[in-house]
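Observations on the model geometry
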Amino acid sequence: LIFIMRLQEFVTVLVRDPRTQKEDSWHSYIDYEIFIHTNSMCFTRKTSCVRRRFREFVWLRQRLQSNAVLIQLPELPSKTPFFNMNNPHHVDHRRQGLQEFLEKILQDALLLSDSRLHLFLQTQLSPEDMEACVSGQTKYSVADAIHKFASLNRRFPIEDEERKKGKNDAYSDSESSSSGLGPSDDSISCGCKASPASEES
């Protein structure tokens, strides 16, 4: 007998490394690194790393909800006027809430089929550019945007080590993210770049 074992799919998402970004001489905001590692066929890239700010998570939830009206989406951490970006507890509480939000989103097959989610997680496009891409108003497709973003990145060290060992597993061709098709700011960790500046922290 020949037994064919189907590789169990997984998606690992980490929201980490909160950083304060200077918007102008008066305003700052915090963005977070989103790291994805998966063997899921739903994803164009098996490993990616981008930076997003809270207001972009708010945009994502609104768009996902409008396209999946019968699904009750998980909540984002509450926006409070008492949020202090200089308070490590406040920042980490929000980071944990954002990670829990993405973990729940990624468990839903219907939400996983939304192109905005993939552009959010695997490119540094702004919400405006993501909308334009999904609406067919750009010269590049969703897959083009993700591949272009990944092609400008460096590999994660662990993947280089796996290559040296000759491993050829399901995610050996993955890359991290360093630059995108949309506007971005200063280079930061993991080859990621800051997302375009706006107003909400």
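These notes cover the structure that comes with them. (Residues numbered from 1 in each chain as written. Predicted model: local features only at pLDDT ≥ 70, side-chain atom pairs only at ≥ 80, totals over all residues. Heavy atoms only, no water.)

**A few points about the nonpolar core**
Core analysis: the biggest nonpolar cluster contains 37 residues, and I34, L102 and L121 have the highest contact counts within it. Put simply, the parts of the chain that give this core at least two residues each are β1 (11–22), β2 (28–38), α1 (54–67), α2 (88–105), α3 (109–112), α4 (115–122), α5 (127–134) and α6 (142–151). (Core = buried A, V, L, I, M, F, W, Y, C linked by side-chain atoms within 4.5 Å. Buried < 20%, exposed > 50% of the residue type's maximum accessible area, 1.4 Å probe, protein only. Helix = DSSP H or I, 4+ residues; strand = E, 2+ residues; numbered from the N terminus.)

**Observations regarding unusual backbone geometry**
Of note, the phi angle at D17 is positive, near 50°, even though the residue is not glycine. With respect to the element layout, D17 can be found in strand β1. Classification of D17 as partly exposed rests on a relative accessible area of 26%.

**Things to note about the packing of aromatic side chains**
Scanning the model with the defined rule gives one aromatic pair in all. With a centroid separation of 5.1 Å and an interplanar angle of 75°, the aromatic rings of F57 and F120 are classed as edge-to-face. Taken together, the residues span a long stretch of sequence, with F57 in helix α1 and F120 in helix α4 at a distance of 63 residues. With a relative accessible area of 0%, F120 lands in the buried category. (Phe/Tyr/Trp six-rings, centres within 6.5 Å; stacked < 30°, edge-to-face > 60°.)

**Points about the sheet that holds β1**
Ordered by their spatial adjacency, three strands build an open sheet running β1-β2-β3, and the pairing between neighbours is antiparallel. Edge positions in the sheet fall to β1 and β3 (47–53), since each has one partner strand and no second. For this sheet the average axis-to-axis angle between neighbouring strands, irrespective of direction, equals 20°. Here seven bridges tie β2 to β3, and the two strands are oriented antiparallel to one another. For D31, the partnering residue across the bridge sits in β3 and is R53. (Pairing = 2+ DSSP bridges. Axes fitted to C-alpha atoms, helices over the stretch in contact; angles between N-to-C directions.)

**A look at the side chain of H37**
Positionally, H37 belongs in strand β2. For H37, a relative accessible area of 19% gives the class buried. There is a polar contact of 3.2 Å between the side chain of H37 and the side chain of T47. (Polar contact = N/O pair within 3.5 Å; in protein donor to acceptor, adjacent residues only side chain to side chain.)

Purely geometric stuff here, so don't read any function into it on its own.
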